[in-house]
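What the coordinates show
Each chain, letter by letter, is given below.
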Amino acid sequence: MAKMMHRSPAEVSTWPWSDIVRLLAYSELEREEFDRRVQNPQHSAASPTRAHASGPTTNTTVYRFGPRPAPKR
């Protein structure tokens with residue numbers, strides 16, 4: 001997880017457990033969503049009208065905050 005967050009293991013070990021558990025749970029949800037898309041590619045590639053006709057759909061918006069990249073020169 002530390003590599004995923006671009007932080008050193010020493011830094012991550014100082015984080016509160018609640019933050020670490022929240023990140024792990026979030027990562028698991030993302031993995032499950034990815035697995036569903038891979039196993040059922042026709043649902044992710046369906047046109048909006050077909051998807052709407054087959055039933056309700058949900059969209060997940062992910063906001064990731066991290067260090068800002070250095071400006072390009």
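Summarised in this report is the structure supplied together with it. Computed from a predicted model, the values in this text were never measured in an experiment.

About the cut-offs
Residues numbered from 1 in each chain as written. Predicted model: local features only at pLDDT ≥ 70, side-chain atom pairs only at ≥ 80, totals over all residues. Heavy atoms only, no water. Salt bridge = Lys/Arg side-chain N within 4 Å of Asp/Glu carboxyl O. Buried < 20%, exposed > 50% of the residue type's maximum accessible area, 1.4 Å probe, protein only. Helix = DSSP H or I, 4+ residues; strand = E, 2+ residues; numbered from the N terminus.

1. What about the pattern of salt bridges?
- Evaluation of the coordinates by the stated rule reveals five salt bridges.
- Among the ionic pairs, Arg 7 bridges to Glu 11, the shortest N-O distance being 3.6 Å.
- Overall, the relative accessible area of 29% leaves Arg 7 in the partly exposed class.
- Of the residues examined, Glu 11 reaches a relative accessible area of 36% and is grouped as partly exposed.
- Glu 28 is the salt-bridge partner of Arg 31, the closest N and O atoms lying 2.6 Å from each other. Of the two residues, Arg 31 and Glu 28 both sit in helix 2 (residues 17–39), three residues apart, roughly one turn of that helix.
- Overall, the relative accessible area of 42% leaves Arg 31 in the partly exposed class.
- Take Glu 28: its relative accessible area is 33%, and that puts it in the partly exposed class.
- Three or more residues are tied together by salt bridges with common partners; here these are Glu 28, Arg 31 and Asp 35.

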